[in-house]
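One-letter residues, chain by chain:
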Amino acid sequence: MPTQQHDLGYRALFAHPEMVRELITGFTPVKLLDGVALSAFERVNADYVSERPSARQGDVVWRVQLGEQVMDVVILLEFQSGVDRCMALRMQTYVGLLCQDLVKRHALSPELLLPPVLPLVFYNGAPPWRAPMDLAELLTAPPAELAALQPSQRYALIDQRRLDRAALDANDDLLALLFRIELSLFPDVLTTHVPALKTWFRTTPLTSLRTSVWAWWKALLGRKANGTQLFNLDSAEEANMDLDLDLDLDLSTLTWGEQMQHIGFQKGCAQGIEEGQAIALRRILGSLLHGRFGNLPVPAAERIGQASQAQLEQWCERSLTAPNLFAVFDEDAGTVEGTSG
């Protein structure tokens, strides 16, 4: 299944420890991370290779050291836009592959024990999440003498569209603001939430987090350009107004490449759904690469401009964890001069 722009936007956000901490402390009952320093967070490679020559590419994995006791917790974050009845089974597989990878890398405690895992599903679909959250609910009831031998797995769930709105409005974190923008009706976004995001952009230095929030916003606009009823608008007139909504940022504070991406998106909105998707993906990829590796070499920019939607989705995925620009393009990197550094 092709990577969705929504997933790319949130994966970019949750590549930052502050966003992960806000997600856990603000939207789950888990309080272990309250007050934990960002320096305690370590991004974990999410490519788990089994004993067979096949790989599972996970979404976002973080390892967090709690306090001075050298006790680690691993956060495994999965993104879902549809209800998967077998999610508990899938999560058991992901956790098993994660633990197997930790063993292979000798990333165990001094007592050679595996760390505890927080399996978390971030769901943004329209239907309520009704899938079993415990693997036991997917298994036939065993005979009593086998009950203790059956596999067990639970996961935590954040159902974005069904968050408590009063609690969300009372949350001052950046992530809560982004959630309000995505979930609110058009008048609320126009008069309250978007101005707050403008203020955040104008008062935040050009850091990698700022670039990721910019990518999230552009992914949001990309979905609007694709005709999604993003803000549950009640009329076509409001929908047209919503399509014209922009952050109205001071372009003089952006690089030339970011200005071109910003302007290009506005033109792309009128070019049809398919082209709009590709334009949105090129914009997201450009922001992600610029934020991580600086100005792009001309051949790399040309490759992005000529790439198919499938290639763009793949490169966006790689850009979140690639160690350098060369690794983003992988097999195509040989034709991109200046990307080996």
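Use the structure listed above.
Caption draft 1: Quick look at the overall build of the chain. A count of helical and extended segments in the chain gives 13 helices and seven strands. Residue burial in the chain is summarised as follows: out of 341 residues, 49% are buried. Surface summary for the chain: the accessible area is close to 16700 Å², and the carbon and sulfur share equals 54%.

Caption draft 2: Geometry of the sheet that holds strand 6 (residues 117–123). The mixed open sheet is built from five strands, whose spatial order is 1-4-5-6-7. Across the chains shown, the open sheet's two edge strands, defined by having one partner strand only, are strand 1 (41–43) and strand 7 (156–159). Recorded for the sheet is a direction-independent mean angle of 25° between the axes of neighbouring strands. Note that strand 4 (residues 60–66) and strand 5 (residues 71–80) share seven bridges and pair antiparallel. If you follow Val 60 over to strand 5, its bridge partner there is Leu 77. Where helix 2 (residues 17–27) meets the sheet, it contacts strand 1, strand 4, strand 5, strand 6 and strand 7, and its direction lies at approximately 85° from that of strand 6.

Caption draft 3: Local environment of the nonpolar core. Core analysis: the biggest nonpolar cluster contains 45 residues, and Phe 14, Leu 23, Phe 27, Leu 174, Phe 179, Leu 197 and Val 213 have the highest contact counts within it. Looking at this core, the elements that each hand over two or more residues are helix 1 (5–13), helix 2, strand 4, strand 5, strand 6, helix 5 (174–183), helix 6 (186–203) and helix 7 (208–225). Excluding residues within four positions of it along the chain, Leu 174 makes contact with Met 19, Glu 22, Leu 197, Trp 200, Leu 209 and Val 213.

Caption draft 4: Inspection of the pairing of strand 6 at higher detail. In terms of burial, strand 6 is largely enclosed, as six of its seven residues are buried. Summarising the sheet, strand 5 and strand 6 pair through seven bridges and their orientation is parallel. Each residue of the ladder has a partner; that of Phe 79, found in strand 6, is Phe 122. Crossover connection from strand 5 via helix 3 (residues 87–104) to parallel strand 6: handedness right-handed.

Caption draft 5: Geometry of the packing of helix 2 against helix 5. It is the contact of helix 2 with helix 5, at a shortest axis distance of 8 Å, that shows an interaxial angle of 75°. Here helix 2 is positioned roughly perpendicular relative to helix 5, judged by the angle of their axes. Counted together, Met 19, Glu 22, Leu 23 and Phe 27 of helix 2 and Leu 174, Leu 175, Ala 176 and Phe 179 of helix 5 form the full contact between these two elements. The class makeup of the residues in the contact of helix 2 with helix 5 is seven nonpolar, no polar and one charged.

Caption draft 6: Molecular detail of unusual backbone geometry. Despite not being glycine, His 106 has its phi angle at roughly 55°, a positive value. Position of His 106 relative to the elements: it lies in the loop between helix 3 and strand 6. According to the relative accessible area criterion, His 106 is exposed, its value standing at 71%. Positive phi values are uncommon outside glycine, yet Leu 112 reaches one of about 65°. When you line up the elements, Leu 112 lands in the loop between helix 3 and strand 6. We classify Leu 112 as exposed; its relative accessible area is 66%.

Caption draft 7: Spotlight on the environment of Leu 174. By the element assignment, Leu 174 lies in helix 5. In this structure Leu 174 comes out as buried when scored by relative accessible area, which is 10%. In this structure, the C-alpha to C-alpha distance between Leu 174 and Met 19, residues 155 residues apart in sequence, is 8.1 Å.

Caption draft 8: Representation of the pattern of salt bridges within the structure. Using the criterion set out here, one finds five salt bridges in the structure. In this structure, the salt-bridge partner of Asp 84 is Arg 90, at a minimum N-O distance of 2.6 Å. Taking the shortest distance from any N to any O, the salt bridge between Asp 159 and Arg 162 comes out at 2.8 Å. A residue is classified by how much of its surface remains accessible, and Asp 159, at 13% relative accessible area, is buried.

Rules and cut-offs
- Residues numbered from 1 in each chain as written.
- Predicted model: local features only at pLDDT ≥ 70, side-chain atom pairs only at ≥ 80, totals over all residues.
- Heavy atoms only, no water.
- Helix = DSSP H or I, 4+ residues; strand = E, 2+ residues; numbered from the N terminus.
- Buried < 20%, exposed > 50% of the residue type's maximum accessible area, 1.4 Å probe, protein only.
- Areas by Shrake-Rupley, 256 points an atom, 1.4 Å probe, with all protein chains shown as cover.
- Pairing = 2+ DSSP bridges.
- Axes fitted to C-alpha atoms, helices over the stretch in contact; angles between N-to-C directions.
- Contact = heavy atoms within 4.5 Å.
- Core = buried A, V, L, I, M, F, W, Y, C linked by side-chain atoms within 4.5 Å.
- Right-handed = clockwise from strand over helix to strand, strands pointing away.
- Parallel < 35°, antiparallel > 145°, perpendicular 65-115°, else oblique.
- Nonpolar A, V, L, I, M, F, W, Y, C, P; charged D, E, K, R; others polar.
- Salt bridge = Lys/Arg side-chain N within 4 Å of Asp/Glu carboxyl O.

Fair warning: the whole summary comes from geometry, so function is off the table for now.
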